[in-house]
Amino acid sequence: MKTTTTAGGRSKFSYTGSLADGFKLMFPSKPILIKSEIINSLLSAFKGQSVLGGFHATKSPEGSVGHYISTYQSNTMKSSLSPVYGSHIIGILRDLELVSVSKEKYSIVVKFSD
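Being a predicted model, the structure only gives us computed values, none of them experimental. Sequence order as written defines residue numbering, which begins from 1 separately in each chain. Residues qualify for local features only when their pLDDT is at least 70, as the model is predicted, and side-chain atom pairs are given and counted only at 80 or more; totals for whole chains, interfaces and linings, by contrast, use all residues. To get the side-chain values, take all heavy atoms of the structure and skip hydrogens and water.

**Notes on the overall build of the protein**
Helix and strand counts for the protein come out as three helices and seven strands. We compute the radius of gyration over the C-alpha atoms and compare it with the globule rule, which gives 2.2 Å times the number of residues raised to the power 0.38. Computed over C-alpha atoms, the radius of gyration of the protein comes to 13 Å, within 12% of the 13 Å expected from 2.2 N^0.38 for 114 residues, which places it in the range of a compact globule. With respect to the principal axes defined by its C-alpha atoms, the protein has extents near 30 × 30 × 30 Å. For every residue, the accessible area (1.4 Å probe, protein chains only) is compared with the maximum for its type, and the residue is labelled buried under 20%, exposed over 50%, or partly exposed between those bounds. Sorting the 114 residues of the protein into buried and exposed places 40% on the buried side. The helix and strand labels rest on DSSP assignments: H or I over at least four residues marks a helix, E over at least two residues marks a strand, and numbering proceeds from the N terminus.

**Let's talk about the environment of Glu62**
Relative to the helices and strands, Glu62 resides in the loop between strand S5 (50–52) and helix H2 (65–76). Sequence separation of Glu62 and Pro83 is 21 residues, and the distance between their C-alpha atoms is 12 Å.

**Some details on the sheet that holds strand S6 (residues 99–104)**
Whether two strands pair depends on DSSP finding at least two bridges between them. Sheet architecture is open: three strands sit in the order S5-S7-S6, paired in antiparallel fashion. The open sheet has two free edges, formed respectively by S5 and S6, since each of these has just one partner strand. The mean angle between the axes of side-by-side strands here comes to 30°, regardless of whether they run parallel or antiparallel. Pairing geometry for S5 and strand S7 (residues 107–112), over three bridges, is antiparallel. For helices, the axis comes from a line fit to the C-alpha atoms of the stretch in contact; other axes are also lines fit to C-alpha atoms, and the angle between any two N-to-C directions lies between 0 and 180 degrees.

**Points about the pairing of S7**
The side chains of a regular strand alternate between both faces of the sheet. Of the strand pairs in this sheet, S6 and S7 are connected by six bridges, and their pairing is antiparallel. Note on S7: the bridge partner recorded for Lys103 is Ile108. Taking the residues that link successive antiparallel strands as the turn, the S6-S7 hairpin has two residues, and the phi of Lys105 there is positive, at about 55°.

As structure tokens, then:
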């Protein structure tokens, strides 16, 4: 099990898994499974781009990581994943050096590798 922080660095969390198999976010109440399909789709969709995090549960701006996650999940996977977990996904991808994260005013900006 590995431990890291969310994209903004405010919260620590533990997880297991890999890019190939997906990740399991470990929380006291229950683990949350993040399928590899959505992670790979996210990396492909935003390759080489800088986009807003948009990790708010109900106010994720269009074109943000959070909006992409909620839209992709409901349209493609016929399930629901809150944009809030995007911050956890980006924290893991940051540790894997697939994205970099910066703060601009009150927003998190995610730069995806080429």
